[in-house]
Every structure is written in C-alpha cells, then in structure tokens.
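Descriptive analysis of the structure
Listed here are the chains, written in short residue letters.
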Amino acid sequence: MPDSTPLAAGLAIGLGAIGPGIGIGILGSKAMEAMGRNPEAGDTIFLRMISGMAFTEAIAIYALVVAFLLFGRIH
Amino acid sequence: MEIHVPIQPQVLFTPGGLSITNTLLTSWIAVALLILLAFIITRNMRLVPSGIQNVGESIIEVLITLAEQTGGANARRFLPLVATLFLYIWVSNWIGVLPGVGSIPALRSANSDLSITAAMALVVFFWVQVAGLRAGPKAYFLKFVWPVPILELLTEFTRPLSLALRLFGNILAGFILVEVMLQIVPIGVPAIFLAVELGVGLIQALIFAMLTLAFLSMASSHGHAEEHHAS
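Residues numbered from 1 in each chain as written. Chains lettered and ligands numbered in written order. Predicted model: local features only at pLDDT ≥ 70, side-chain atom pairs only at ≥ 80, totals over all residues.

**What to know about the overall build of chain A**
- What chain A contains, in helices and strands, is three helices and zero strands.
- In chain A, the succession of α and β elements from N to C terminus is α-α-α.
- The globule rule puts the C-alpha radius of gyration for 75 residues at 11 Å, and the 17 Å found for chain A is more than 25% above it.
- Projected onto its principal axes, the C-alpha coordinates of chain A cover approximately 60 × 15 × 10 Å.
- Within chain A, the fraction of its 75 residues that count as buried is 16%. (Helix = DSSP H or I, 4+ residues; strand = E, 2+ residues; numbered from the N terminus. Rg over C-alpha atoms; globule rule 2.2 N^0.38 Å. Buried ≥ 20, exposed ≤ 12 C-beta atoms within 10 Å, placed from the backbone.)

**A look at the overall build of chain B**
- Along the backbone of chain B there are seven helices and two strands.
- Going from N to C terminus, chain B has its helices and strands arranged as β-β-α-α-α-α-α-α-α.
- Referenced to the eigenvectors of the C-alpha coordinate spread, the extents of chain B come out at roughly 60 × 50 × 40 Å.
- Taking all 231 residues of chain B together, the buried fraction comes to 32%.

**Thoughts on the packing of helix α3 (residues 42-72) of chain A against helix α6 (residues 149-184) of chain B**
- Remark: α3(A) packs on α6(B), axes separated minimally by 9 Å, with the N-to-C direction vectors making an angle of 70°. As far as their axial angle goes, α6(B) and α3(A) are roughly perpendicular. Judged by the twist between their axes, the crossing of α3(A) over α6(B) is left-handed. Of the residues in α6(B), those touching α3(A) at A:A54, A:A58, A:I61, A:Y62, A:L64 and A:V65 are B:S162, B:L165, B:R166, B:G169, B:N170 and B:A173.
- Here the contact of α3(A) with α6(B) is built from residues that sort into eight nonpolar, three polar and one charged. (Axes fitted to C-alpha atoms, helices over the stretch in contact; angles between N-to-C directions. Parallel < 35°, antiparallel > 145°, perpendicular 65-115°, else oblique. Left-handed = near helix turned anticlockwise from the far one by under 90°. Contact = placed C-beta atoms within 7 Å. Nonpolar A, V, L, I, M, F, W, Y, C, P; charged D, E, K, R; others polar.)

**A look at the interface of chain B and chain A**
- Chain B puts 15 residues into the contact, and the matching count from chain A is 13 residues.
- For the side of chain B that touches chain A, the secondary-structure elements that each account for two or more residues are α6 and α7 (189-219) of chain B.
- The element contributing the most residues to the side of chain B that touches chain A is α6(B), with six residues.
- A class-by-class count of the residues in the side of chain B that touches chain A yields seven nonpolar, seven polar and one charged.

Distances and angles like these do not, on their own, reveal function.
Below, the structure written as structure tokens:
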C-alpha cells in the first residue's frame, strides 16, 4: 500500500485551517462592526477581538502541529 | 529539494547528563538581556524618573493598565508573573528574528522548542492551582464535583496545554516558513516573513500573558461573574 503520509500531512493542515479561518473572519467582521458603531470603545473592542482570535487560531495551530509530526515521518 | 523539518532542537553539549540545546542557549541570552536592562534601568533610581528609567516606568504603566483592563481591579497582584512572562517571551521571540539565529546551528528561537513553552505552561498551571486554593480551599475542591465533574478537570489541563502549543506552533511555524522561503526565493522574500515574525512574536507574547492573567483571575474569583473569556 503506497505511503499516504504526505497526503495526510497536507490534509491535516488544509482541512484543519478551514474552521479557524472562518471563525477569525467572523470575529474580525463583528469587531469592525462594533468599532464602527462605537468608535470610543475601539481600544477595548480591539483587545477582546485579539484575545478571541488567539483561541481560534490555536485550533489551527493544533492542526499545524499534527501536520508537522506527520511531515517528519515521511519515509 | 530536501526540506528538513527540525522539530526537536539540536543538543549542543551534555554536561553531566543534562542536555544543553541551542534553544536553551538562546533563551539564556534573552534572560541575560532582560537582567542587564533591569540593572541599567534601576541603577541610580530617582523618585522623578528621567532617561531610561522613564522608558521602563512607561512600559510598566502600560502593562498595569492592560492588566487592570483584562483582569479587573485586583489583577495587579498577578502582575509580576504575568509581566515577566510577557517580557521574556517577547524578547526571546524578537531575538529569534536576528540574523544568525536559526541559520547558525548553535542558536535557535527559544520558543520553537516545545520543552521551553511547556515549562512555562507548567509554571502557569501551578500558580493557577495556588490562586484557586488561596481563594477558598472548599470551593476549589467543590468545583471538581458539582456541575460537571470531568469538565472542570479537563479544562484545568487543556488550558496550560493550549498555552504551550499555541506559542510553540506559532514560533515554529514562523521559523520553518522563513527556512522554506530561503530555499525557494533566497533574496528579498524571506525578509517579509521575518517582518511578520516580529509582529507574531509580540502578539503571541501578549496573548500568553493575557491568557495567564485571565486564568489566574478566574481561578481566584470562581463563583463571581465570569470574565469575558470562556474556556
């Protein structure tokens, strides 16, 4: 059976980045909207957006770590 | 084109059974830099600051404001740990962008080593438990039992784990990206990614510190109104 590790590595990060990508987009758009409605709270909103994005991005990072581990095992 | 993905850092010497890796060496350089900075700033300290002491004080002011915004009024008592984490991670990430770090085998960005980020996450785990116990031992043990037992236990472990993996993944990814770019387009383009590395380094330091602060605040005030972060 042919070695499917390279495919697995590619799929791991490729599919794994879909969710967080959409999530970060939603976060950003909502934050832009909120900042547009209330420019004075801009700094607070930005801070909370960044921390929300950190959690979301972490999921993509987990997928990336799996991809690295698979990539290192290619024979 | 052979792309080598060096997840494990390279061991440089092994004095008496311990392994000194290139990432450990770089982290020592960051620590030495911070100690030197602290020494210079606090030498001949005056009540009315001027010069470099002024710079140091303004940095601390920004950190205090940020801490109170994130963690509430009594977040200042966590500031020593949180600010240390922030400054150390920031400095070691930015050292990782310097020419030579990453290309010389003897130097490598400190946080691209899971051992180093996991060590910091362990420290955070320890202090979160201490903060929870200090706030009330009975409530601390009770929270593992009442609403959903396994959920609290799981989050206590997954939060530090995510801290370690987040920082490790971001910095390692940047390192590998620059390395790959150097093999594909050796001129000009890697510089763009190095610039991105600067931004990522600072933001990840901020995220690590802010999350630590949020976890500590939540642990020391469970039962009261939850902060805006869940998880």
